[in-house]
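Examination of the molecular architecture
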Amino acid sequence: MSGTPELASLRAELDDIDRTLVELIARRLDTVTAVGKAKANSATPVRDVERERAVLEAVEAVARRHGVSGDLVRRVFREIIGHAVDRQSADLIATSAKTVTVGFPGAEHSYSHLAAAKHLAGRGEAAGFTGYGSYADVLAALETGECDLAVLPIEDTTAGSINQVYDLLRLREIAVVGEETWRMNHCLAAVGDVPLGALTHVLADPRGLEQCADFLRSLPAAITVHIADGGEAMRAVAERADASYAAIGSPEAADAHGLTVLRPGIADAEETFTRFVVLAATPIEVDARVPSKTSLVLTTRHEEGALLRCLEILAGSGHSLTKLESRPRPGRPFEYLFFVDFEGNVADPRTQLMLDELRSAALYIKVLGSYPAKVTRTEPQPGAVPQASAEALEAVVVAPVAAVASKKAKRLVDRETRGEDTLVRVGDVLVGGDGFVVMAGPCSVESADQIRATARAVKDAGAHLLRGGVFKPRTSPYAFQGLGWDGLALLAEAGREVGLPIVTEVMAVEQVQRMALSADLLQVGARNMQNFDLLRALGKVDRPVLLKRGLSSTIDEWLGAAEYILAAGNQQVILCERGIRTFESATRNTLDLSAVPVLHERTHLPVIIDPSHGTGNRRYVAPMSRAARAVGSHGLLIEVHPEPDTALSDADQSIDHAQFAALMAGLSR
Ligand SMILES: O=C(O)C(=O)C[C@]1(C(=O)O)C=C[C@@H](O)C=C1
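So, how was this worked out
Residues numbered from 1 in each chain as written. Predicted model: local features only at pLDDT ≥ 70, side-chain atom pairs only at ≥ 80, totals over all residues. Heavy atoms only, no water. Pairing = 2+ DSSP bridges. Helix = DSSP H or I, 4+ residues; strand = E, 2+ residues; numbered from the N terminus. Axes fitted to C-alpha atoms, helices over the stretch in contact; angles between N-to-C directions. 1 Å grid on protein atoms, 1.4 Å probe; cavity = no way out; pocket = protein on both sides within 12 Å on 5 of 7 lines; lining within 4 Å. Points joined across faces, edges and corners; volume = space filled by probe spheres on them. Core = buried A, V, L, I, M, F, W, Y, C linked by side-chain atoms within 4.5 Å. Buried < 20%, exposed > 50% of the residue type's maximum accessible area, 1.4 Å probe, protein only. Contact = heavy atoms within 4.5 Å. Nonpolar A, V, L, I, M, F, W, Y, C, P; charged D, E, K, R; others polar. Domains from an automatic or database assignment. Near = heavy atom within 4 Å. Polar contact = N/O pair within 3.5 Å; in protein donor to acceptor, adjacent residues only side chain to side chain. Areas by Shrake-Rupley, 256 points an atom, 1.4 Å probe, with all protein chains shown as cover. Salt bridge = Lys/Arg side-chain N within 4 Å of Asp/Glu carboxyl O. Patch = residues over 30% accessible without salt bridge, like charges linked within 9 Å, V, L, I, M, F, W, Y side chains within 5 Å. Right-handed = clockwise from strand over helix to strand, strands pointing away. Parallel < 35°, antiparallel > 145°, perpendicular 65-115°, else oblique. Left-handed = near helix turned anticlockwise from the far one by under 90°.

Within the open sheet, the five strands sit side by side as β8-β7-β9-β6-β10. Their pairing is mixed. One side of each edge strand has no neighbouring strand; the edge strands of this open sheet are β8 (223–226) and β10 (260–263). Between one strand axis and the next, the sheet turns through 35° on average, direction left out of account. One ladder, built from four bridges, connects strand β7 (residues 201–204) with β8; its direction is parallel.

Rolled over the atoms, a probe sized like a water molecule indicates the empty space that remains. Applying the stated criterion across every chain, the model contains one cavity of 30 Å³ or more. Taken together, 13 residues make up the lining of the largest cavity; nearest its centre are I154, Y166, L169, S295 and D341. Elements represented by at least two residues in the lining of the largest cavity include exactly α6 (163–171), β11 (273–280), β12 (292–300), β14 (336–343) and β15 (362–372). If one sorts the elements of the lining of the largest cavity by residue count, β14 sits on top with three residues.

Further remarks concern the nonpolar core. Of all hydrophobic cores here, the largest spans 63 residues; its most connected members are L466, L547, V573, L575 and F660. Of all the elements, helix α19 (residues 555–567) adds the most residues to this core, at seven residues. Residue contacts for L547: discarding those within four places in its chain leaves V524, M529, L535, W558, A561, A562, V573, I574, L575 and C576. With 25 residues, the next largest nonpolar core counts V138, L152, L168 and L279 among its residues.

Turning our eyes to something else, we now look at the layout of surface pockets. Its volume calculated, the largest pocket comes out at about 1,600 Å³. Lining the largest pocket are 46 residues; nearest its centre among them are R78, E79, T181, F273 and K374. Those elements that provide at least two residues to the lining of the largest pocket are α2 (49–65), α3 (70–92), α4 (111–123), β3 (149–156), β5 (175–183), β11, β13 (321–328) and β14. Looking at which element gives the most residues to the lining of the largest pocket, the answer is α3, with twelve residues. Its residues placed into classes, the lining of the largest pocket shows twelve nonpolar, ten polar and 24 charged. Among the domains, domain 1 (21–92) and domain 3 (285–380 + 387–406) are the pair contributing at least three residues each to the lining of the largest pocket.

Our focus in this paragraph is the site of the ligand. Taken together, 13 residues surround the ligand, and among them R28, K39, D48, E52 and Q88 come closest. Take D48: an N or O atom from its main chain is 2.9 Å from an oxygen atom of the ligand. Between the ligand and Q88, the relevant distance is 2.8 Å, taken from an oxygen atom to a side-chain nitrogen or oxygen of the residue. Relative to its unbound accessible surface of 360 Å², the ligand loses 90% to contact with the protein.

For the rest of this paragraph, the subject is the sheet that holds β13. If you trace the four strands from one edge of the open sheet to the other, you get β13-β14-β12-β15, paired in antiparallel fashion. At either end of the open sheet lies a strand with only one pairing partner, and these are β13 and β15. Averaged over neighbouring strand pairs, the angle between their axes works out to 15° when direction is ignored. Here β12 pairs with β15 via nine bridges, running antiparallel. Bridge assignment links S292 to a residue of β15, and that residue is P372.

What follows is about the pattern of salt bridges. In the structure shown here, the tally under the stated rule is 49 salt bridges. Across the salt bridge formed by R350 and D348, the nearest N and O atoms sit 2.8 Å from each other. Look at R350 and you get partly exposed, because its relative accessible area is 41%. Note that R411 and D556 form a salt bridge whose closest N and O atoms lie 3.4 Å from each other. Here R411, found in the loop between α14 (401–406) and β16 (424–426), pairs with D556, found in helix α19; they are 145 residues apart in sequence, far enough to count as distant. The exposure class assigned to D556 is partly exposed, which follows from its relative accessible area of 39%. The structure contains a network of salt bridges with shared partners spanning E155, E179, R275, K293, K323, E325 and D341.

With that settled, the discussion passes to the side chain of S89. You can see S89 is positioned in helix α3. S89 sits in the buried class, given a relative accessible area of 5%. Once you skip the residues sitting within four places of it in the chain, S89 turns out to touch V46, V290 and P291.

On to a nonpolar patch on the surface. A surface patch of nonpolar side chains, amounting to about 370 Å² of accessible area, comprises L14, I17, L21 and V22. As for its position among the elements, I17 is in helix α1 (residues 5–41). The class for I17 is partly exposed, based on a relative accessible area of 42%.

Let us look at the pairing of strand β1 (residues 100–105). The element β1 is largely enclosed, with a buried count of five among its six residues. Judged from the six bridges that link them, β1 and strand β2 (residues 127–132) form a sheet pairing that is parallel. Bridge pairing in β2 links V102 to F129. Where the polypeptide runs from β1 across α4 and back to β2, its parallel neighbour, the crossover connection is right-handed. As paired elements, β1 and β3 share two bridges and run parallel to each other. Note that in β3 the partner of G103 across the bridge is A150.

Attention now goes to the pairing of β3. Judged by how many residues are buried, β3 sits mostly within the fold: eight of eight residues are covered. With six bridges joining them, β3 and β11 adopt antiparallel strand pairing. By the bridge assignment, D156 is partnered in β11 with T274. Where β3 meets strand β4 (residues 160–161), two bridges bridge the pair, whose relative direction is antiparallel. Considered in β4, the bridge of D156 is made with G160. Here β3 folds back onto β4, and the loop between the two strands holds three residues.

Turning our eyes to something else, we now look at the packing of α19 against helix α20 (residues 595–602). Contact geometry for α19 and α20: axes closest at 11 Å, N-to-C directions at 50°. In terms of orientation, α19 and α20 fall into the oblique class. As α19 packs across α20, the resulting crossing turns out to be right-handed. When α19 is examined against α20, the residues I555, D556, W558 and L559 are found in contact with a partner set consisting of A595, V598, L599 and R602.

Below, the structure written as structure tokens:
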């Protein structure tokens, strides 16, 4: 150690003070843990904002009496109290004894790595950390089980939201299980104590460059070099060992690579925080006493004021919105989906009720998860969530969620839940309400020529959607099974050519995501009506679903199947009556047209009729189409083929182009 004996003795005294400070922090943490246990025994919420404010005011007053900056002491204590809340929350959440593996984007000592380490320290769990090359790579590691948790940056207070992460959250089957914040304290570091004027290159990640733009303008001679993250920039500068190269990153990364900090705190904004999401393969249950947030993805209905209605449901039920982010809705230019964060917990029956209401007001909802909140309002706002009474909280803790849910008599499909008719938008076509929509095309897509010819013919006759099977559930395994994905490409191309949205059957869970990319309406066939895994998977995509009635299903079973889709988040369901099995053998099935008025009474969902399967005989398709219209259905699904007698499937019930044109003319009479 360098310096005079006096300096050495003063430093020894400082070491002693620092040790005492840390020992006192440890003692405070022990007491905080005991306070947490006392709260757990008395159903008291973990967070007490009033108490925190009192603690901060008290320590600030002490600081002032000793001539110490009140602001400094407030900041230090905010960190300490934040950690106390983490500890108490973690004690209420079941954690495993094993070492948790955590994936993060970038190199060691990147901000994501630092935030991940901070988060795991807050949970009091042993962890191993692995850096990955991209956000998608981190999530792939989570999905394969290589990591238990993933930590990704999602927004920062100067450069805004990280869209790529929002898009991944929408697409992947992952849950948000936590959040973390990190104060970005960018510094400039190099291999030695070089004057700034001697620097020729500054390495940094794009967001770091954006956040330090003003500072960088003071180094006009230096070229900026984009690197994936600050940790990697520091590593590269250390490895290069060239004094004219500097890096922007955290002081922790500079330290770890033995670099000299040339300038600390170079970010333009005084305080830049980044918020990170913590992700896992499955959601967690958060104890009702832990201050929690819930994240979800939402698509609004095509009605005026639809977003406002959703926000009113949140606010009206006492759930404070903490973030609303809009992103483009894939496949729908200039339409948006919304990412919503609010203070609340899906384990709370009040939040469940609010979500049920939201589900029926929105078109599509995907709940990403509930998790202990880190970023909450510190000051109570006017109109903030009223503090729940002790009895109410006790009720939350005691009432098992399943018991509350099972008492619910109303379902999302029920008319009582939603008075207005649901309008389902398919491409630019609205199904439901007063409209009458005709979907027509071959039973199976057989060739490019066949589907193109029929697409043109049905369009010219006035059809609104093009149908065509590509995966065919046939009674015999030896019958034509459809052209598969190649067929879908032909159908999509034909639909595009004539300007009609397309509908086709999805048969398996694995097909759902891929099919949703090109089909405008996903059909569930009669044989799959109670394939609950398939229904749940369809509930998780933002694409409308055409749900055919099962061959031997009652109306109630059919609505139960639709409920699976709605309950999983997707409210865009059209029901399709296609005939049921009865003793009558004069027709292939018995077309139950009485289902239409029954359904109008019982559900808000649109219902259409398939007279082709319903009768199995082309002679009856036109009369039953007229009857379907008369009875109040919202549309038709009709099989049309250029040469029905040569059709590879359902030849008997297909009509040709001229017959379809006549049918359409007959409908308008
Ligand atoms: O006093 C409490 O209830 C505590 O749990 C302690 C403490 C703190 O660290 O001071 C922590 C969390 C609460 O929000 C308020 C204060």
